[in-house]
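# Structure at a glance
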Amino acid sequence: METFSTTQKLAAEALGTAFLLAIVVGSGVMGDTLAGGNVALALLANAVATGAGLYVLITIFLPISGAHFNPAVTLAMAARKKIAPGMAIAFVGAQLVGAIAGVWAAHAMFDLEILQVSVKARSGMGQIFGECIATFGLVLTIFGCVRFRPDSIAAGVGFYITAGYWFTSSTSFANPAVTIARAFTDTFAGVRSEDAALFILAQGLAALLAAAIAAWLFEPRDARAKAGYSPADEEGTGAAL
């Protein structure tokens with residue numbers, strides 16, 4: 001198995017997240033410009049570009065860092081002890097830096113003002129709940145693919161996010177780094193900072209819940225018994241992470 005240095009892993013997380021945000025914001029600007037006021041068409045362009053981009057980025061960077069590109073995913077992995085706490089913190093830092101850089105890159109490509117603050121409202125309990133559903137489903141998709149179809153992680157995540165743009169009320173941010181970065185673009189993809197804070201809270205809680213459910217749901221009963229689990233363990237401690 002190939003091994004990569006911490007520096008390589010952090011660079012992969014930063015670069016992958018940067019490209020993800022450049023895709024999200026850039027395709028939002030392009031779609032909004034070409035759709036002629038048709039919001040559904042602009043959203044379709046944004047969704048397809050994001051899903052396709054995620055497939056490529058995960059395929060490239062998965063062998064290096066695991067291709068999290070998402071603090072909620074990193075949090076879920078840390079909860080399942082798949083990544084050390086110190087490395088998880090470093091991953092989140094790299095993701096945030098990359099996300100902001102990706103937004104600025106998109107602005108530069110379209111000759112927009114680099115430094116912006118979004119005024120686009122995305123508020124209401126429906127959208128907060130939408131972020132819970134979007135993030136829960138994303139993390140469950142990742143753990144399910146890792147457990148049963150590791151060769152399908154890129155496709156699974158890409159298709160899920162594409163669908164999430166359409167079936168969730170919030171258009172499926174499902175990513176705290178994406179949410180923070182999108183607060184700094186006053187374009188089609190933007191979100192007000194006051195709305196972003198509640199999105200992030202919902203994303204974190206949903207990621208932890210999905211990690212707990214995945215630990216129980218995706219482990220066969222006989223495998224749990226061999227590892228020393230018993231029904232009494234679950235009754236006393238709850239689903240193990």
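Residues numbered from 1 in each chain as written. Predicted model: local features only at pLDDT ≥ 70, side-chain atom pairs only at ≥ 80, totals over all residues. Heavy atoms only, no water.

Right, let's talk about helix α2 (residues 39–65) for a bit. Taking the largest bend as the criterion, α2 deviates by roughly 35 degrees, centred on Thr59, and proline Pro63 comes between one and four positions later. Taken together, the buried positions of α2 are Ala42, Leu43, Asn46, Ala47, Thr50, Gly51, Gly53, Leu54, Leu57, Ile58, Phe61 and Ser65. Looking at the buried positions of α2, the neighbouring elements they touch are α1 (6–34), α4 (85–109) and α6 (153–167). One side-chain oxygen at the N-terminal end of α2 lies 3.2 Å from the backbone nitrogen of Ala40; it belongs to Asn38. (Bend = angle between axes of the 7 residues up to and from the residue. Helix = DSSP H or I, 4+ residues; strand = E, 2+ residues; numbered from the N terminus. Buried < 20%, exposed > 50% of the residue type's maximum accessible area, 1.4 Å probe, protein only. Contact = heavy atoms within 4.5 Å. Polar contact = N/O pair within 3.5 Å; in protein donor to acceptor, adjacent residues only side chain to side chain.)

Let us now look at the nonpolar core. Ranked by size, the top nonpolar core spans 49 residues in total, and within it Leu20, Leu21, Ile58, Phe143, Val157 and Ile161 carry the most contacts. Elements with a contribution of two residues or more to this core: α1, α2, α3 (71–79), α4, α5 (125–148), α6, α7 (176–182) and α8 (193–217). Filtering out sequence-adjacent residues up to four positions away, Phe143 remains in contact with Ala76, Met77, Arg80, Ala211, Ala214 and Phe218. Of all hydrophobic cores here, the second largest spans seven residues; its members include Ile128, Ala183, Val191 and Ala202. (Core = buried A, V, L, I, M, F, W, Y, C linked by side-chain atoms within 4.5 Å.)

A few words now on the packing of α1 against α4. Between α1 and α4, whose axes approach to 6 Å, the crossing angle comes to 35 degrees. Crossing geometry of α1 relative to α4 is assigned as right-handed. For the pair α1 and α4, the contacting residues are Thr6, Lys9, Leu10, Glu13, Ala14, Thr17, Ala18, Leu21, Ala22, Val25 and Gly26 in the first and Met87, Ala90, Phe91, Ala94, Gln95, Gly98, Ala99, Gly102, Val103, Ala106 and His107 in the second. Residues of the contact of α1 with α4, tallied by class, amount to 13 nonpolar, seven polar and two charged. (Axes fitted to C-alpha atoms, helices over the stretch in contact; angles between N-to-C directions. Left-handed = near helix turned anticlockwise from the far one by under 90°. Nonpolar A, V, L, I, M, F, W, Y, C, P; charged D, E, K, R; others polar.)

One pass over the full model with this rule turns up three salt bridges. The salt bridge involving Arg149 is made with Asp151; its shortest N-O contact spans 3.5 Å. For Arg149, a relative accessible area of 47% corresponds to the partly exposed category. The salt bridge involving Arg192 is made with Glu194; its shortest N-O contact spans 3.7 Å. Exposure remark for Glu194: the relative accessible area of 47% places this residue in the partly exposed category. Taken together, the salt bridges that share partners define one network made up of Arg192, Glu194 and Asp195. (Salt bridge = Lys/Arg side-chain N within 4 Å of Asp/Glu carboxyl O.)

All right, on to the packing of α3 against α4 then. Where α3 meets α4, the closest approach of the two axes is 9 Å, and the angle between their N-to-C directions is 175 degrees. With respect to their mutual orientation, α3 and α4 come out roughly antiparallel. Across the interface between the two elements, Pro71, Thr74 and Ala78 of α3 pack against Ala88, Phe91, Val92 and Gln95 of α4. (Parallel < 35°, antiparallel > 145°, perpendicular 65-115°, else oblique.)

On to the confidence of the model for the protein, then. Summing up the model confidence of the protein, the mean pLDDT is 93 and the portion of residues at 70 or higher is 91%. Every residue in residues 230–241 is under pLDDT 50, and counting partners more than four places away or in other chains gives 14 contacts. (pLDDT = per-residue confidence, 0-100.)

Another point: a nonpolar patch on the surface. There is a patch of nonpolar side chains on the surface, built from Leu41, Leu44, Val48 and Trp166 and spanning about 370 Å² of accessible area. If you tally residues by element for the nonpolar patch, the top one is α2, at three residues. (Patch = residues over 30% accessible without salt bridge, like charges linked within 9 Å, V, L, I, M, F, W, Y side chains within 5 Å. Areas by Shrake-Rupley, 256 points an atom, 1.4 Å probe, with all protein chains shown as cover.)

Along the chain, the position of Thr50 falls in helix α2. By relative accessible area, Thr50 is classed as buried at 2%. Setting aside its immediate chain neighbours within four residues, Thr50 contacts Leu20, Ile23, Val24, Ser27, Ile161 and Tyr165.

This paragraph deals with the side chain of Glu131. For Glu131, the position within the fold is in helix α5. It turns out Glu131 is buried and unbridged, and the closest side chain with the opposite charge, Arg182, is 7.5 Å from it. From its side chain, Glu131 meets the backbone nitrogen of Ala174 in a polar contact 2.8 Å long. Apart from the residues within four sequence positions on either side, Glu131 is in contact with Ser170, Ser172, Phe173, Ala174, Asn175, Phe199, Ala202 and Gln203. (Lys, Arg positive; Asp, Glu negative; His and termini not counted.)

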